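Now for the letters of each chain:
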Amino acid sequence: MTTLQAPAHEYRDYAELLDDYYARGWTDGLPVVPPTPAAVEQFLAAAELAADTVLGAVPTREVVVTAEHAAINAVMAGCRPEYMPVVVAAVRAHLNEKANCHSVTGTLSGASQAVVINGPARLRLDVNCQAGCFGPGWRANATIGRALRLVVRNVCRAIPNFLDRASYSTPARYSFCFGEDEEGSSPWVPMSVERGVPVGTSAVTVHSVMTMSSALDLGSRTPEGVLDSVAAHIRTRGVATDEWLGIDNTVMLVMGPEHRRFLVEAGWSKDDARAYLFPRLKEGERPVRIGKPDGILIVGAGGPGMSETWVLFPHLAWAITEPVVPEPGGEP
Amino acid sequence: MTLIGLDPTSGPLPEPVQRPAPRAASLEGAVVGVISNGLGESDRILQAVHRELSELGGTTGVVFVRKPSVSVPPDPMDWEKLISQVTVAVAGFGG
């Protein structure tokens, strides 16, 4: 284990630390947990990482992000130590070149970062995948998403009115993390497995979201009807992309239980849904700029009661999937 | 009993540069770089700027660069071209 490099500050008590961290611009405005050296060492141990392990970089900002940075901010966010491997995977995913950190955290549009968790970590860490999964009430959801955003702010320098130039920003920038309801979506293949992560291995997908909205369809009872509604909804806004991103760009559909049921009961897989959707997104005078069917990511999540699919429209970035190493709580 | 807290940042922020680059006194003999970020109508308006500058006279050349994405810097070869050839640059984007 390497020695911690971050400068240390001494305070009389928690209140003084809190005021000073806020005054220095080191928080998202909410209270933080004190990142003591002991706590940070505990988080690094949970991820089996040396403090100076490089997780990624933002070349345009001359920033290199280390495991120590991630651990300090994860402690501050209120994570438990066992969340740390998930936070590390999220940071690595966000710092992938095609996740385009500089753009998605600086944009006028105020894009947020959705962190989607797959695999056994969801159950071990009590990640909410069902009713209320986009909202408050679950420590893992709230603090893992917040940890990534604190890294974005404190380490990647996306500070409002400095390198973060959002006109409005969004509450989803406090935290946006949920899991795929793999059990409730059976027999669908989990998103992480579709993207190459072995079955039984936990993974994190980070998707930068420029806007999100609900494709509500209370009337359709068939796969075609549901997907026609979803396609029409996507076509209203389109998908941001450009030459640099190429054809591997992504849009994410978070499908609730009712819509899923109509597809599953008719024997439709996620691939079947993509095969139906893709040509319907590409037809007409203004085709949606999605490069290939695989770019339509489908996640089963949410609770019953509203027949809807949420569409998470991307900013200029790919959704990136990273395995969680080590598995929280040991091998599954 | 005191409390130790670690600095969560990647270091001090650089001083923001608030002032624009100095305006060139003249375009006489200048090689002008025109850099489009590709957003909205930027290509169209900067192509027009490119055309006007080319016809203006006095300049010794105009170099047009279009970034591969609104969200990333110019390609390394384009950077090199700008650095090695250009004496005055115009960058712009359009909504």
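Residues numbered from 1 in each chain as written. Chains lettered and ligands numbered in written order. Predicted model: local features only at pLDDT ≥ 70, side-chain atom pairs only at ≥ 80, totals over all residues. Heavy atoms only, no water.

Enquirer: Would you mind going over the confidence of the model for chain B with me for this structure?
Expert: Residue and element names in this part refer to chain B. For chain B, mean pLDDT is 85; residues scoring 70 or higher make up 94% of the total. For chain B, per-element mean pLDDT is lowest for helix α1 (residues 42-56), which scores 83, and highest for strand β1 (residues 3-6), which scores 98. Two numbers describe this predicted complex: its pTM, 0.92, and its ipTM, 0.94. (pLDDT = per-residue confidence, 0-100. Helix = DSSP H or I, 4+ residues; strand = E, 2+ residues; numbered from the N terminus.)

Enquirer: Would you explain the environment of A215 of chain A in this entry?
Expert: Structurally, A215 of chain A is set in strand β6 (residues 203-216). In contact with A215 of chain A, not counting residues within four places along its chain, are V230, H233, H259, S307, E308, T309 and V311 of chain A. (Contact = heavy atoms within 4.5 Å.)

Enquirer: I tried to follow the packing of helix α9 (residues 223-237) of chain A against helix α10 (residues 257-265) of chain A on my own but got confused; where do I start?
Expert: Working note: a packed helix pair is described by the angle between its axes plus the distance between those axes. Residue and element names in this part refer to chain A. Contact geometry for α9 and α10: axes closest at 8 Å, N-to-C directions at 135°. Considering their axes alone, α9 and α10 lie oblique with respect to each other. Residues P223, V226 and L227 of α9 form the contact with α10, whose participating residues are H259, F262 and L263. Looking at the contact of α9 with α10 residue by residue, the class counts come to five nonpolar, one polar and no charged. (Axes fitted to C-alpha atoms, helices over the stretch in contact; angles between N-to-C directions. Parallel < 35°, antiparallel > 145°, perpendicular 65-115°, else oblique. Nonpolar A, V, L, I, M, F, W, Y, C, P; charged D, E, K, R; others polar.)

Enquirer: Just checking my understanding: could you explain the pairing of strand β4 (residues 112-118) of chain A for this structure?
Expert: On any regular strand, side chains alternate: one points to one face of the sheet, the next to the other face. All names here are of chain A. Within β4, seven of the seven residues are buried, leaving the element largely enclosed by the surrounding structure. Burial of β4 is two-sided: the residues S112, A114, V116 and N118 facing one way and the residues Q113, V115 and I117 facing the other way are all buried. Relative to strand β5 (residues 177-179), β4 runs parallel, the two being bridged by three bridges. By the bridge assignment for β5, V116 is matched with F178. (Buried < 20%, exposed > 50% of the residue type's maximum accessible area, 1.4 Å probe, protein only. Pairing = 2+ DSSP bridges.)

Enquirer: Would you mind going over the sheet that holds strand β4 (residues 88-92) of chain B with me for this structure?
Expert: Picture the strands of a sheet paired through backbone hydrogen bonds; they go either parallel or antiparallel. All names here are of chain B. Taken in spatial order, the three strands make up an open sheet running β3-β2-β4, and their pairing is parallel. In this open sheet, the two strands that pair with only one neighbour each are β3 (61-66) and β4. Strand-to-strand, the axes of this sheet are offset by a mean angle of 15°, without reference to chain direction. Summarising the sheet, strand β2 (residues 31-36) and β3 pair through six bridges and their orientation is parallel. Looking at β3, one finds that I35 is bridged to V65.

Enquirer: Just checking my understanding: could you explain the nonpolar core for this structure?
Expert: Nonpolar side chains in soluble globular proteins tend to end up buried together. Residues and elements named next belong to chain A. In terms of nonpolar packing, the biggest core is built from 65 residues, with M84, V91, V115, I117, I144 and V204 touching the most fellow members. With residues up to four places along the chain from it excluded, the contact list for M84 reads F43, A46, A47, A67, A70, A71 and A74. Residues V239, V251, V288 and V311 belong to the second largest nonpolar core, which totals 25 residues. (Core = buried A, V, L, I, M, F, W, Y, C linked by side-chain atoms within 4.5 Å.)

Enquirer: How should I be thinking about the packing of aromatic side chains in this particular structure?
Expert: Aromatic ring pairs are defined here through the distance separating the ring centres and the angle between the ring planes. Residue and element names in this part refer to chain A. The tally for this structure, following the rule as stated, stands at seven aromatic pairs over all chains. Relative to F176, the ring of F134 has its centre 5.4 Å away and its plane inclined at 85°; by these criteria the two rings are edge-to-face. Taken together, the positions of F134 in the loop between α6 (121-124) and α7 (139-155) and F176 in the loop between α7 and β5 put the pair 42 residues apart, joining distant regions of the chain. Judged by its relative accessible area of 28%, F134 falls in the partly exposed class. Within the aromatic cluster, the residues linked to one another by ring pairs are F134, F176, F178 and W310. (Phe/Tyr/Trp six-rings, centres within 6.5 Å; stacked < 30°, edge-to-face > 60°.)

Enquirer: Could you clarify how one ought to interpret the pattern of salt bridges in this entry?
Expert: Two side chains that carry opposite charge are able to pair once their charged atoms sit near each other. The tally for this structure, following the rule as stated, stands at 19 salt bridges over all chains. With a closest N to O distance of 2.7 Å, R24 of chain A and D20 of chain A form a salt bridge. Between D78 of chain B and K81 of chain B there is a salt bridge, with its nearest N and O atoms 3.7 Å apart. Separated by three residues within a single helix, D78 of chain B and K81 of chain B lie in helix α2 (residues 76-85), roughly one turn from each other. Exposure remark for D78 of chain B: the relative accessible area of 16% places this residue in the buried category. For K81 of chain B, a relative accessible area of 29% corresponds to the partly exposed category. (Salt bridge = Lys/Arg side-chain N within 4 Å of Asp/Glu carboxyl O.)

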